Amino acid sequence: MFSVKEMPSPSSLFSAYASLTASMMLFRSMINELIPRPVRDYLFSVFCYLFKIRSKDLTLVIEEEDGISNNQLYKAAEIFLGTKINLSNERIKIYKTPKEKGLKLRLEKGEKIVDNFEGIELVWRFICKEVEKNNERRGSSEQQKWFELNFVKKHKAKVLDSYIPFVLEKSNALKEEERVLKMYTLSDSKMYGNVRWDSINLEHPSTFETLAMEPDLKNAVIRDLDRFIKRKKFYKRVGRAWKRGYLLYGPPGTGKSSLVAAMANYLKFDVYDLQLGNVMGDSELRRLLLATGNRSILVIEDIDCSVDFPERQNKQNGDDQKKHNRFHLTLSGLLNFIDGLWSSCGDERIIVFTTNNKEKLDPALLRPGRMDMHIHMSYCTFEGFKMLASSYLEITDYHQLYSEIECLLGNVKITPAQVAEELMKSEDADIALDGLVKLLKKNLEAEEIVDEAAINGTQEARNGEDSV
């Protein structure tokens, strides 16, 4: 302790402070004169780097999209964290679809969850915001979503090597345990400036057991599907993308959509229904196709009339041609995803084209390697009829009207949809089948009248030529 006599006076303290300040200003002036400014700035940055207080935490950012494809880890984190939501969360999303077993919980934006893994505390936070984006066609903003995972930096190796794989494995197990098939369709969302996939539960009841289709053809399709899903190593060995293409062609009402649903229910694959008429260009098509998941069926219905490809139309010149193609699909853009370089983006996928008029398709779509199997969906046969009668009327034995129906079906063109509609008119088998017989006879008479008119017209034309 200083005594009162030993303490410096205020005047001496002020003098010492003034002297120190003057020395520092002189030293600063000398540095400014002797050391160039760029060198001073560099030394200052080095000093700050060496002596700054460094954070002990590390934050991993998991964005929803990685470039133009979906981030697998984002979806896994969303599913995994749904099981970790607790009473400490103030806002959560909750929903339930008809076929799902229980309620689904998801984090609301800004909410966080604290998880523990082998003694490591991990803090998850969900971030969602709108960002500016230049888009000439629809708007200027889009929604961006991501998860942030924060933890002590020294646990980085453990988190990346053990915890992240654990989250992926756990989410996959949860998806398989409560798997519900989904039907994806395009949603033109002007709010976020682009077209995205929206989904609903796929509840189509069609199966191969109920499908009105020739048994031999049906069994051939089943064998082809079984063979496809078991050949992952084969496709890799021969250097081909693990995908399969089907072309379903035939008149309307012959069961093309029902076959697609039966394939999805058989394989447990999700279905993506792509309407090419709603896609504005190759880049948008590429982004949508890359957003489709593995173990899925991509369906492009009525390919012969869904879109007009500009390079197959009359060519335009100069700037007009560029403007015309700017927001239009090209055939090459579609084919590049079917069997080009982009076809390898994804595994275990099936592509299905449907058409009512196979002869109208561009030959480029039909060449080998693009549509692996062509399936003709024809008019209803007797075997197909028996399948429908079994499903709709629960007929297991041979009915007395079967022989007459078999004879009529051999001479009349009628679709399975028309037969099914007639069988639905009564639950009494006798009444329903009698109504079908009357319909077949009526159609037969109409066809005979048309044929007779065509024959008469041809004969009149020949007579006219002879008279000339």
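Use the structure listed above.
Residues numbered from 1 in each chain as written. Predicted model: local features only at pLDDT ≥ 70, side-chain atom pairs only at ≥ 80, totals over all residues. Heavy atoms only, no water.

I tried to follow the overall build of the chain on my own but got confused; where do I start?
Along the chain, the regular secondary structure elements total 15 helices and 15 strands. In the chain, which comprises 468 residues, the share counted as buried stands at 37%. Considering only intrachain contacts with a sequence separation of at least 6, the fraction spanning at least 24 residues in the chain is 68%. With an accessible surface of roughly 29200 Å², the chain has 53% of that area assigned to carbon and sulfur atoms. (Helix = DSSP H or I, 4+ residues; strand = E, 2+ residues; numbered from the N terminus. Buried < 20%, exposed > 50% of the residue type's maximum accessible area, 1.4 Å probe, protein only. Contact = heavy atoms within 4.5 Å. Areas by Shrake-Rupley, 256 points an atom, 1.4 Å probe, with all protein chains shown as cover.)

I keep staring at the environment of glutamate 301 and nothing clicks. Help me out?
Relative to the helices and strands, glutamate 301 resides in the loop between β13 (296–300) and α9 (318–326). Each C-alpha atom of the pair glutamate 301 and leucine 248 lies 9.2 Å from the other, and the pair is 53 residues apart in sequence. One polar contact links glutamate 301 to serine 257, side chain to side chain, over a distance of 3.1 Å. (Polar contact = N/O pair within 3.5 Å; in protein donor to acceptor, adjacent residues only side chain to side chain.)

Help me out: how do you make sense of the environment of glutamate 111 in this one?
In this structure, glutamate 111 sits in the loop between β5 (104–107) and β6 (112–117). Given a relative accessible area of 13%, glutamate 111 falls into the buried group.

Before we go on, may I ask you to explain the packing of aromatic side chains in this structure?
Geometrically, a pair of aromatic rings is defined through the distance of the ring centres and the angle of the planes. Scanning the entire structure with this criterion turns up 19 aromatic pairs. Considering the side-chain rings of phenylalanine 234 and tyrosine 235, the 5.8 Å spacing of their centres and the 85° angle between planes classify their relative orientation as edge-to-face. Here phenylalanine 382 and tyrosine 402 contribute two aromatic rings whose centre-to-centre distance is 5.9 Å and whose plane-to-plane angle is 90°, an arrangement assigned as edge-to-face. Of this pair, phenylalanine 382 sits in helix α12 (residues 382–393) while tyrosine 402 sits in helix α13 (residues 402–409); the two residues are 20 residues apart in sequence, bridging distant segments of the chain. In terms of burial, phenylalanine 382 and tyrosine 402 fall into one category: buried. Linked through ring pairs, Tyr74, Phe80, Phe117, Trp124, Phe126, Phe147, Tyr163 and Phe166 together constitute an aromatic cluster. Positioned above the aromatic ring of tyrosine 249 is the side chain of lysine 358, whose terminal nitrogen or guanidinium carbon lies 4.5 Å from the ring centre. (Phe/Tyr/Trp six-rings, centres within 6.5 Å; stacked < 30°, edge-to-face > 60°. Lys NZ or Arg CZ within 6 Å of the ring centre and 35° of its normal.)

Can you walk me through unusual backbone geometry in this structure?
Leave glycine aside and you will find that most residues have negative phi; peptide bonds, for their part, are mostly trans. With phi around 50°, glutamate 118 is a residue other than glycine that occupies positive phi space. Relative to the helices and strands, glutamate 118 is located in the loop between β6 and β7 (120–135). You can call glutamate 118 exposed: its relative accessible area is 57%.

Sorry, what's going on with the pairing of strand β11 (residues 243–249) here?
Each regular strand shows side chains that alternate between the opposite faces of the sheet. With seven of its seven residues buried, β11 lies for the most part within the structure. Burial along β11 is two-sided: Lys243, Gly245, Leu247 and Tyr249 and Arg244, Tyr246 and Leu248, pointing in opposite directions, are all buried. As paired strands, β11 and strand β14 (residues 349–355) are joined by seven bridges and run parallel to one another. Note on β14: the bridge partner recorded for leucine 248 is threonine 354. Taken together, the four bridges between β11 and strand β15 (residues 373–376) define a ladder with parallel strand orientation. For leucine 248, the partnering residue across the bridge sits in β15 and is isoleucine 375. (Pairing = 2+ DSSP bridges.)

It is not clear to me how the nonpolar core should be interpreted in this structure. Could you clarify?
Soluble globular proteins tend to bury their nonpolar side chains together. Within the largest apolar cluster, 29 residues are counted, with the highest numbers of intra-cluster contacts made by Leu274, Leu276, Leu285, Ile303, Leu334, Phe353 and Leu365. Here the element with the most residues in this core is helix α10 (residues 331–339); it accounts for five residues. Beyond its immediate sequence surroundings of up to four residues, phenylalanine 353 is in contact with Tyr246, Leu247, Leu248, Ile300, Ile303, Leu334, Ile338, Leu365 and Met371. Core analysis: the next-biggest nonpolar cluster, separate from the first, contains 28 residues, Val221, Ala262, Ala264 and Ile297 among them. (Core = buried A, V, L, I, M, F, W, Y, C linked by side-chain atoms within 4.5 Å.)

I would appreciate a short explanation of the packing of α12 against helix α14 (residues 416–423) in the present structure.
Any two packed helices are characterised by how steeply their axes cross, that is the angle between the axes, and by the distance between the axes. As a packed pair, α12 and α14 sit with axes 10 Å apart at the nearest point and diverge in direction by 30°. Helix-helix and strand crossings are classified by hand; for α12 and α14 the assignment is right-handed. Along the contact surface, α12 presents Phe385, Leu388, Ala389, Tyr392 and Leu393, while α14 presents Pro416, Val419, Ala420 and Leu423. (Axes fitted to C-alpha atoms, helices over the stretch in contact; angles between N-to-C directions. Left-handed = near helix turned anticlockwise from the far one by under 90°.)

Looking at this structure, how should I read α13?
Along an α-helix, a turn takes 3.6 residues, which lines up residues three or four apart on a common side. Among all positions of α13, only Tyr402, Ile405, Leu408 and Leu409 are buried. Across the axial projection of α13, the buried residues extend over an arc of 125°, all falling on one side. (Arc of directions from axis to C-beta.)

Sorry, what's going on with the pattern of salt bridges here?
Within the structure shown, the criterion is met by 12 salt bridges. Between lysine 425 and glutamate 422 there is a salt bridge; the shortest N-O distance is 3.2 Å. Looking at glutamate 422, the relative accessible area reads 12%, which means it is buried. Connected via shared salt-bridge partners are Asp224, Arg244 and Asp372. (Salt bridge = Lys/Arg side-chain N within 4 Å of Asp/Glu carboxyl O.)

Sorry if this is basic, but what is going on with a nonpolar patch on the surface here?
Taken together, the side chains of Leu26, Met30 and Leu34 present a nonpolar region at the surface, about 340 Å² in accessible area. Residue placement: methionine 30 occurs in helix α1 (residues 10–34). (Patch = residues over 30% accessible without salt bridge, like charges linked within 9 Å, V, L, I, M, F, W, Y side chains within 5 Å.)

Please clarify how the packing of α12 against α13 should be interpreted in this entry.
Axis separation between α12 and α13 bottoms out at 10 Å; the angle between their running directions is 135°. When the axis of α12 is compared with that of α13, the two are oblique. For the element pair α12 and α13, the recorded crossing hand is right-handed. Within the contact between the two elements, α12 uses Phe382, Phe385, Lys386 and Ala389 and α13 uses Tyr402, Ile405, Glu406 and Leu409. Counted by class, the contact of α12 with α13 contains six nonpolar, no polar and two charged residues. (Parallel < 35°, antiparallel > 145°, perpendicular 65-115°, else oblique. Nonpolar A, V, L, I, M, F, W, Y, C, P; charged D, E, K, R; others polar.)

So what exactly am I meant to see when it comes to helix α3 (residues 72–82) here?
For α3, the tally of buried residues reaches nine of 11 residues, placing the bulk of the element in the interior. Listed in full, the buried residues belonging to α3 are Leu73, Tyr74, Ala76, Ala77, Glu78, Ile79, Phe80, Leu81 and Gly82. Capping the start of α3 is the job of one residue whose side-chain oxygen sits 3.1 Å from the backbone nitrogen of leucine 73: asparagine 71.

Limitation: the analysis is restricted to geometry and does not speak to function.
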